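Next come the chains, spelled out residue by residue.
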Amino acid sequence: MTMKPKVCPAAWRGCRGLSSGILIAVALIHLLSAIGFSLTRPGEPEPVVVIPRLPEPPALEDFLDMKPASAVARRMACVTRFVQQSPSDGEPASQRTEVYLGYDDLNLYFVFLAFDSEPERVRARLARREQLFQDDLVEIMLDTFNDQRRAYVFMINPLGVQMDALWTEGRRFDSSFDTVWFSRGRVTDQGYVVWVSIPFKSLRFPFRDQQQWGIIFNRAIPRSNENLFWPYVSSRIEGRLNQAASLIGLENISPGRNIQFIPYGVFRSYRLLTEDDDGRAEWQSDWADADVGLDAKLVFNDSLVLDVAANPDFSQIESDAPQVTVNRRFEVFFPEKRPFFLENKGYFETPLNLVFTRRIADPRVGVRLTGKHGPYSIGMMVADDQSLGQTLGAEETGYGKTAWYGIFRFSRDISEQSTIGAIYTHREFAGSYNRVGGVDGRVKLSQNWITSFQMAYGATRDTDGTHSRGPAYYWRLNREGRQFDYHFEYTDISPGFYSQPGFIYRNDIRRLEQNVDYEFRPEGEFLISWGPEIWTDYTWDHQGIRLDYTVAPSLRFNFIGQTWISVQQRFGRERLRPQDFETLVTTRDYPGTSTRVSFRSEFFQKFTFNGYYRWGEATNFVPVEGAAPYTADQSQGQLNVTLLPVTPLRIDNTYIFSRLKERAWDANIFNNHIFRSRWNWQFTHDISLRVILQYSTTLSNPDFTSLDTSKSFNADFLFTYMPHPGTALYVGFNSNARNLDVVPGEDGFPMVIRTPDRFLNDSRQFFIKLSYLFRL
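Predicted model, so just to flag it, every value in this text is computed and none were measured.

## Focus on the overall build of the chain
Now for step 1: A count of helical and extended segments in the chain gives five helices and 42 strands.
Now for step 2: Taking the principal axes of its C-alpha atoms as reference, the chain extends roughly 85 × 60 × 55 Å.
Now for step 3: Across the 776 residues of the chain, 53% fall into the buried class.
Now for step 4: Put simply, 60% of the contacts in the chain that link residues at least 6 apart link residues at least 24 apart.

Structure representation (structure tokens):
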């Protein structure tokens, strides 16, 4: 049966015109397969491990003396002889690691014996789930479809703190994936022991009696920069899963009946100051606002997952990381954090970002189907969004109406680690629509070279009846190796191409980007590697006018203890046209030369730090009203410091600043500062208390900018009890204050004004949220 996406005629005609390019790509893939082009290390047989069925589960206590003491433990398969990938690719590990594995009808079991000649230097903290990257850790990668494209990833620190993710070749880790599994860990006088149990219900795999999976084990020792693998995974070859071992011996396993229900309830009390376009103020409040909903998950044939949500839980518990948003010409990207949209989001990803689910701000219903059957992968999603209709005025088209989003994604595996696929997105609102259809592919050319492409066509009708349409193209060529890396990228977005469900922040461009770097690897006692890098970026519009260019050479040094420093000199210019800014009469060039120093270190066990400082030329995009943008001096920087004073406490501190200075008068145009401190105390693996304090200010000079002086202080408290993903209790309080005041207006309505120093508590909220996972 052939599956076709339902594409609008205009979009489909545009995509059909690209069919010759698709045929060429497919022919290239099959040609490489036909001539037997090997993408694995020549002359080396694929490692194989046979996993035994166990009569009873192993226990952590059986291994605390760092020996397989019990009869069950002695039945388990064992792998050892881990090999370095870094710092010395192919060299034996400095510390011994043994992994024992087995299974029963319901679970996979793994036990890591991580020997260490200096056990007192093992880094281990009791932390929130997924906050373990400063620690020693071990990792399991399971390619359950054995297609060398996607894998489940399970990471564990020496105290049993978990992190799970999905690995996709070409895109790396997706840490948004969460599932139910179990782990324990203990530091001993010989190193540490980690015990892991992964239910088959938490995995998706082919529906057959005998399984063959890909498997990789990894151990990280941060103090010595060691990244160890079994089997040997070399940095001289692009990709991981093409270097995996084969796991055989799994027979007659199944997730069984796999139906999940997650009902949730939210109670909140809040008070909020709102402001309309005319500056009129209104206080909104509710001392007892309650909401309930249900998320359901059904698994078919062990591999296809249907998610259905009624009044879905689209709340966001974690706040966004701070970013500088002032004096930005284009939209700032904030990543998705809501669970419904995060799970299996990799099925919807393409080279062009045509699916950005934060566009769906306030949905009432969501349905999603994702999964894999044989070489075919599929992703479908439908959701509504009330937010746009609620933000419009009563006299505007679409007031009170709902937008609908539909997304269809389909791909097929072809040859070794190569894929070809199609996508169709649809957004409809108040008689307007945006439809985008396209094809894309990824081709593994050799051990080191890969290429990917996408061709799309979009058609848009606005609420005022105007139409726009046009194509978009993308091509990337990438080389990854031990010392030499190369990246080439070409993007072509026509003036009429828009993706309303996606994140395409700029159209009418042809952009050519390249990056080349080379590493010298002395691998000495302190200096591990160093090398030059050069990045170039050229952008034109479709009339051939050069818009931007950047040439940025840099030099980087990598030291032991996860420490590095980089110096970059950037040369460039930016061209603005009258259509970019109304105040411009003619096209004008703006210089953009700057110097940047970046650094990072995890050398010390009790604290880590990273950051950058940049100074040079920048454009003032927010001059006083009626003035054209002009060149100014800029200094910008960020410093992140993480303190780990005791095992259960983690303190993350961030300071971000951006300053623009007027050249002729040597006066500040604006100063933007953001201070953020995040404290987390982990009482147990399941219970934590988190506090975030953030102060943000923009101090503007009205002689040189149209920005208002703004100040805000936010305090956020959250108690969490989460025994596993899906089951959680959150109790939180948030309060925000800004330099505002409410005064009587000329028409008698209260008005919002900004004050120099006075703060007004403009919002506060207390909430309780409870969800529970029923797994049948």
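Let us keep going from here.
## Observations concerning the pairing of strand E34 (residues 649-662)
Now for step 1: For E34, a buried count of ten out of 14 residues is recorded, marking the element as mostly surrounded by other parts of the structure.
Now for step 2: One ladder, built from eleven bridges, connects strand E33 (residues 630-643) with E34; its direction is antiparallel. Of the residues in E34, the one forming a bridge with Thr642 is Asp652.
Now for step 3: Where E33 folds back onto E34 in an antiparallel hairpin, the turn is made up of five residues.
Now for step 4: As paired strands, E34 and strand E35 (residues 667-682) are joined by 14 bridges and run antiparallel to one another. Residue Asp652 lies in a different strand from E35, and its bridge partner there is Arg678.

## Observations concerning the pairing of strand E26 (residues 509-518)
Now for step 1: As paired strands, strand E25 (residues 484-493) and E26 are joined by ten bridges and run antiparallel to one another. When the bridges of E26 are listed, Tyr490 appears paired with Leu512.
Now for step 2: As defined by bridge partners, E26 adjoins strand E27 (residues 527-540) across eight bridges and the pair is classed as antiparallel. Across the sheet, Arg511 pairs through a bridge with Thr539, a residue of E27.

## Observations regarding the nonpolar core
Now for step 1: Ranked by internal contacts, the top residues of the largest apolar core, which has 39 residues, are Leu108, Phe110, Leu142, Trp213 and Phe217.
Now for step 2: By size, the runner-up hydrophobic cluster in this structure holds 25 residues, among which are Leu354, Ile360, Ala383 and Val436.

## Comments concerning a negative patch on the surface
Now for step 1: Negative charge collects at one region of the surface, where Glu275, Asp276, Asp278 and Glu282 lie side by side.
Now for step 2: Looking at the element boundaries, Asp276 is found in the loop between strand E15 (259-275) and strand E16 (281-300).

## Let's talk about the sheet that holds strand E10 (residues 182-188)
Now for step 1: Spatial ordering of the open sheet is given by E2-E4-E5-E11-E10, a layout of five strands whose pairing is antiparallel. Every other strand in the sheet has two partners, leaving strand E2 (77-79) and E10 as the edge strands with one partner each. Strand-to-strand twist in this sheet, taken as the mean axis angle between neighbours without regard to direction, amounts to 15°.
Now for step 2: Two strands pair when backbone bridges link them, and strand E5 (residues 107-115) and strand E11 (residues 191-199) are joined in this way by nine bridges, in the antiparallel orientation.

## Remarks on the packing of aromatic side chains
Now for step 1: Summed over the entire model, instances satisfying the criterion amount to 30 aromatic pairs.
Now for step 2: Plain terms: the ring middles of Phe356 and Phe503 are 5.2 Å apart, the flat faces sit at 70° to each other, and that makes the pair edge-to-face. Placement of Phe356 in the loop between helix H4 (339-342) and strand E18 (365-373) and of Phe503 in the loop between E25 and E26 is noted, with a sequence separation of 147 residues between them. Summarising the burial analysis for this pair, Phe356 and Phe503 share the class buried.
Now for step 3: Arranged with centres 5.9 Å apart and planes meeting at 10°, the rings of Phe581 and Phe621 form a pair that is stacked. Remark: Phe621 occurs in the loop between strand E32 (607-620) and E33 and Phe581 occurs in the loop between strand E29 (563-576) and strand E30 (588-591); sequence separation between them is 40 residues. No difference in accessibility class separates Phe581 from Phe621, as the two residues are buried.
Now for step 4: Pairwise contacts between aromatic rings join Tyr613, Trp615, Tyr655, Phe657, Phe675 and Tyr695 into one cluster.
Now for step 5: Arg150 extends its terminal NZ or CZ atom over the ring of Tyr347, reaching a point 4.5 Å from the ring centre.
Now for step 6: The ring of Tyr270 has Arg268 sitting right over it, with the charged end atom 4.2 Å from the ring centre.

## Some thoughts on unusual backbone geometry
Now for step 1: Cis peptide bonds are those with omega within 30 degrees of zero, and the linkage from Ser86 to Pro87 qualifies with 5°.
Now for step 2: Structurally, Pro87 can be placed in the loop between strand E3 (83-86) and strand E4 (97-103).
Now for step 3: The linkage connecting Trp230 with the following residue, Pro231, adopts the cis geometry, with an omega of -5°.
Now for step 4: Mapped onto the elements of the fold, Pro231 is located in the loop between strand E13 (226-230) and strand E14 (245-251).
Now for step 5: In this structure, Glu523 takes a positive phi of about 50° despite not being glycine.

## Comments concerning empty space enclosed by the protein
Now for step 1: Counted by the stated rule, this structure contains one cavity of 30 Å³ or more.
Now for step 2: In this structure, the largest cavity occupies an estimated 50 Å³ of space.
Now for step 3: Taken together, the residues that form the lining of the largest cavity break down as two nonpolar, three polar and two charged.

## Re the pattern of salt bridges
Now for step 1: According to the stated counting rule, one finds 46 salt bridges in the structure shown.
Now for step 2: Residue Asp307 pairs with Lys297 through a salt bridge whose shortest N-O separation is 2.6 Å. Highlighted residues: Asp307 in strand E17 (residues 304-310) and Lys297 in strand E16, separated in sequence by ten residues. The same class applies to Asp307 and to Lys297, which are both buried.
Now for step 3: When the shortest N-O distance is used, the salt bridge between Arg546 and Asp589 registers 3.0 Å.

## Focus on a nonpolar patch on the surface
Now for step 1: A contiguous nonpolar patch, built from Phe267, Leu693, Phe713, Phe717, Phe733, Phe759, Phe766 and Ile768 and spanning about 630 Å² of accessible area, is present on the exposed surface.
Now for step 2: Elements that contribute at least two residues to the nonpolar patch include exactly strand E37 (710-724) and strand E41 (760-771).
Now for step 3: When you line up the elements, Phe267 lands in strand E15.
Now for step 4: Residue Phe267 is classed as partly exposed on the basis of its relative accessible area of 32%.

## Some details on the side chain of Gln682
Now for step 1: Along the polypeptide, Gln682 turns up in strand E35.
Now for step 2: A distance of 3.2 Å separates a polar atom in the side chain of Gln682 from a polar atom in the side chain of Asn680.
Now for step 3: A distance of 2.9 Å separates a polar side-chain atom of Gln682 from the backbone oxygen of Thr684.

## Let's talk about the side chain of Ser452
Now for step 1: Considering the arrangement of structural elements, one finds Ser452 in strand E23 (residues 449-461).
Now for step 2: Aside from chain neighbours lying at most four places away, what touches Ser452 is Gly441, Arg442, Tyr474, Trp475 and Arg476.

## Some thoughts on the environment of Gly185
Now for step 1: Note that Gly185 resides in strand E10.
Now for step 2: Classification of Gly185 as buried rests on a relative accessible area of 14%.
Now for step 3: Each C-alpha atom, one on Gly185 and one on Glu428, is 51 Å from the other, the two residues being 243 residues apart in sequence.
Now for step 4: With near-sequence residues (within four places) excluded, Gly185 lies in contact with Pro158, Leu159, Gly160, Val193 and Val194.

## Side note on the confidence of the model for the chain
Now for step 1: Scored by pLDDT, the chain has a mean of 87; 91% of the residues are at 70 or more.
Now for step 2: Every residue in residues 1-43 is under pLDDT 50, and counting partners more than four places away or in other chains gives 62 contacts.

## Remarks on the environment of Ser763
Now for step 1: Along the chain, Ser763 turns up in strand E41.
Now for step 2: A relative accessible area of 17% places Ser763 in the buried class.
Now for step 3: Separated by 491 residues in the primary sequence, Ser763 and Leu272 place their C-alpha atoms 4.4 Å from one another.
Now for step 4: Not counting the four nearest positions on each side in its chain, Ser763 is found in contact with Arg271, Leu272, Asn734, Ser735 and Asn736.

The rules we used
Residues numbered from 1 in each chain as written. Predicted model: local features only at pLDDT ≥ 70, side-chain atom pairs only at ≥ 80, totals over all residues. Heavy atoms only, no water. Helix = DSSP H or I, 4+ residues; strand = E, 2+ residues; numbered from the N terminus. Buried < 20%, exposed > 50% of the residue type's maximum accessible area, 1.4 Å probe, protein only. Contact = heavy atoms within 4.5 Å. Pairing = 2+ DSSP bridges. Core = buried A, V, L, I, M, F, W, Y, C linked by side-chain atoms within 4.5 Å. Patch = residues over 30% accessible without salt bridge, like charges linked within 9 Å, V, L, I, M, F, W, Y side chains within 5 Å. Areas by Shrake-Rupley, 256 points an atom, 1.4 Å probe, with all protein chains shown as cover. Salt bridge = Lys/Arg side-chain N within 4 Å of Asp/Glu carboxyl O. Lys, Arg positive; Asp, Glu negative; His and termini not counted. Charge placed at Lys NZ, Arg CZ, Asp CG, Glu CD. Axes fitted to C-alpha atoms, helices over the stretch in contact; angles between N-to-C directions. Phe/Tyr/Trp six-rings, centres within 6.5 Å; stacked < 30°, edge-to-face > 60°. Lys NZ or Arg CZ within 6 Å of the ring centre and 35° of its normal. 1 Å grid on protein atoms, 1.4 Å probe; cavity = no way out; pocket = protein on both sides within 12 Å on 5 of 7 lines; lining within 4 Å. Points joined across faces, edges and corners; volume = space filled by probe spheres on them. Nonpolar A, V, L, I, M, F, W, Y, C, P; charged D, E, K, R; others polar. Polar contact = N/O pair within 3.5 Å; in protein donor to acceptor, adjacent residues only side chain to side chain. pLDDT = per-residue confidence, 0-100.

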